[in-house]
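Structure at a glance
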Amino acid sequence: DAAVLRIEKAVKNQERILVYGDYDVDGTTAVALMYGFLRGFYPHVDFYIPDRYKEGYGISERGVRYAAESGFSLIIALDCGIKSMDKVELASALGVDFIICDHHTPGDELPKAVAVLDPKRLDCNYPYKELSGCGVGFKLIQAYAKSQQLEESSLYSYLDLVVVSIAADIVPITGENRILAYHGIKQVNANPSTGIKALIELSGSGKEITIGSLSFMIGPRINAAGRMDDAKKAVSLFIEKDPEQAKLLAALLQTDNNSRREADAQITEEAIQMLLAYPSLQSKKSTVVFDAGWHKGVIGIVASRLLEKYYR
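Here's a quick rundown of the structure.

How each quantity is defined
- Residues numbered from 1 in each chain as written.
- Predicted model: local features only at pLDDT ≥ 70, side-chain atom pairs only at ≥ 80, totals over all residues.
- Heavy atoms only, no water.
- Helix = DSSP H or I, 4+ residues; strand = E, 2+ residues; numbered from the N terminus.
- Rg over C-alpha atoms; globule rule 2.2 N^0.38 Å.
- Buried < 20%, exposed > 50% of the residue type's maximum accessible area, 1.4 Å probe, protein only.
- Areas by Shrake-Rupley, 256 points an atom, 1.4 Å probe, with all protein chains shown as cover.
- Lys, Arg positive; Asp, Glu negative; His and termini not counted.
- Charge placed at Lys NZ, Arg CZ, Asp CG, Glu CD.
- Phe/Tyr/Trp six-rings, centres within 6.5 Å; stacked < 30°, edge-to-face > 60°.
- Pairing = 2+ DSSP bridges.
- Polar contact = N/O pair within 3.5 Å; in protein donor to acceptor, adjacent residues only side chain to side chain.
- Axes fitted to C-alpha atoms, helices over the stretch in contact; angles between N-to-C directions.
- Contact = heavy atoms within 4.5 Å.
- Disulfide = S-S within 2.5 Å.
- Right-handed = clockwise from strand over helix to strand, strands pointing away.

1. Considerations on the overall build of the protein chain
Counting its secondary structure elements, the protein chain contains 13 helices and 5 strands. A compact globule built from 312 residues would reach a C-alpha radius of gyration of about 20 Å, and the protein chain, at 20 Å, matches this within 12%. If you line up the protein chain on its principal axes, its C-alpha atoms span 65 × 45 × 35 Å. Scored against the burial criterion, the 312 residues of the protein chain give a buried share of 50%. On the protein chain, roughly 15000 Å² of surface is accessible, and the fraction owed to carbon and sulfur atoms is 53%. Side-chain charges in the protein chain split into 35 positive and 40 negative, and the spacing between the mean points of these groups amounts to 3 Å.

Listed below in structure tokens is the structure:
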């Protein structure tokens, strides 16, 4: 209710709203969902995705200062923010309110935002705890639509974004997620958004789309934008209405994904060669390898590959 009231106030007073999200699939789908919904009836909205390398994960000081300097008085943060106490305090001091929609486990203290929506809050009585970040965003637009007497069916077109987030963020497909995923998959196959359609066509999937194909074909292409370059282009793809422009944006994501694959293969090989060169490393309880030149965007993937290879 507090989140809905604050959005209503922003719309009534013609305030500028900044939709802020993480650079992974869950974050970019959540931002596209919230931005697309708000822009459907309100013009003073923009979105912000932090730079993985310059700002790091979650809400950044740079992002908060950008909002204040650019005249935004409300930030809606999605898939991040549950532990950003200091950034929310800074925003408050600069005259910017926060609504946080997150699904990560909170710390002992919650940020002093206008509203903190997170089913994993200890005091949250929401019955289903495993929503994705995009799923929490969907719940907020459902609540807002209800408050404005909008038809709930007008939101169903966003379920393709929700199912992409469920598949890529590997949240449990149980309970409400199962229902959202079921209807989202139907939406993806019957009437996907222009951007998701372009991505499906580019990935070469001529068959019916499943959770598996979203996880292994669509998800990595979206993630690659934030890993190799700028995740804003993923949001731009999701909100694009023009099919030709969507194809161009999808091609950029494909290029990032190809670069990611090459870096992944090269760094994995270099890491394995390091381990082979120093037999003492192979008898350790854990694997630690390092090179200052390795691309930060793929070292997490390489770490997973070494885990699979050495089981430690």
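Next comes the rest of the write-up.
2. Structural notes on the packing of aromatic side chains
Evaluation of the coordinates by the stated rule reveals 7 aromatic pairs. Both rings, one in tyrosine 35 and one in phenylalanine 47, keep their centres 5.4 Å apart while their planes meet at 80°; by these two values the pair is edge-to-face. Of this pair, tyrosine 35 sits in helix α2 (residues 25-39) while phenylalanine 47 sits in strand β2 (residues 45-48), placing them 12 residues apart in sequence. With respect to class, tyrosine 35 is no different from phenylalanine 47; both count as buried. When the ring of phenylalanine 37 is compared with that of tyrosine 144, the centres are 6.0 Å apart and the planes differ by 85°; the resulting orientation is edge-to-face. Of this pair, phenylalanine 37 sits in helix α2 while tyrosine 144 is found in helix α5 (residues 133-147), placing the two residues 107 residues apart along the sequence. Considered together, phenylalanine 37 and tyrosine 144 belong to a single accessibility category, that of buried residues.

3. Section: the pairing of strand β1 (residues 16-21)
Counting buried positions along β1 gives 5 out of 6 residues, so the element sits mostly inside the fold. In terms of strand pairing, β1 meets strand β3 (residues 72-78) through 6 bridges, oriented parallel. What sits directly across from isoleucine 17, in β3, is leucine 74. Relative to β2, β1 runs parallel, the two being bridged by 4 bridges.

4. Things to note about the environment of serine 154
Assignment of secondary structure puts serine 154 in the loop between α5 and α6 (159-168). Residues serine 154 and phenylalanine 37, spaced 117 residues apart in sequence, show a C-alpha to C-alpha distance of 9.7 Å. Here the side chain of serine 154 touches glutamate 151 through a polar contact of 2.6 Å, landing on its backbone oxygen.

5. Section: the sheet that holds β1
With parallel pairing, the 5 strands of this open sheet are ordered in space as β2-β1-β3-β4-β5. The open sheet has two free edges, formed respectively by β2 and β5 (115-117), since each of these has just one partner strand. The average undirected angle you get between the axes of adjacent strands in this sheet is 20°. Docked against the sheet, helix α1 (residues 2-12) engages β1, β3, β4 (97-101) and β5, running at close to 145° with respect to β3. Seen against the sheet, α2 touches β1, β2 and β3 and runs at an angle of roughly 160° to β1.

6. Considerations on the state of the cysteines
Counted under the stated rule, the structure contains 0 disulfides. Note on cysteine 80: no disulfide assigned, nearest cysteine sulfur contributed by cysteine 101 at a separation of 9.8 Å. This cysteine, cysteine 134, is not joined by any disulfide, and cysteine 101 carries the nearest cysteine sulfur, 10 Å off.

7. Examining the pairing of β4
Within β4, 4 of the 5 residues are buried, which leaves it mostly tucked inside the rest of the structure. When β3 meets β4, the two strands line up parallel, connected through 5 bridges. If you follow leucine 74 over to β4, its bridge partner there is aspartate 97. One crossover worth recording links β3 to the parallel β4 by way of helix α4 (residues 85-93), and it is right-handed. Across 3 bridges, the pairing between β4 and β5 is parallel.

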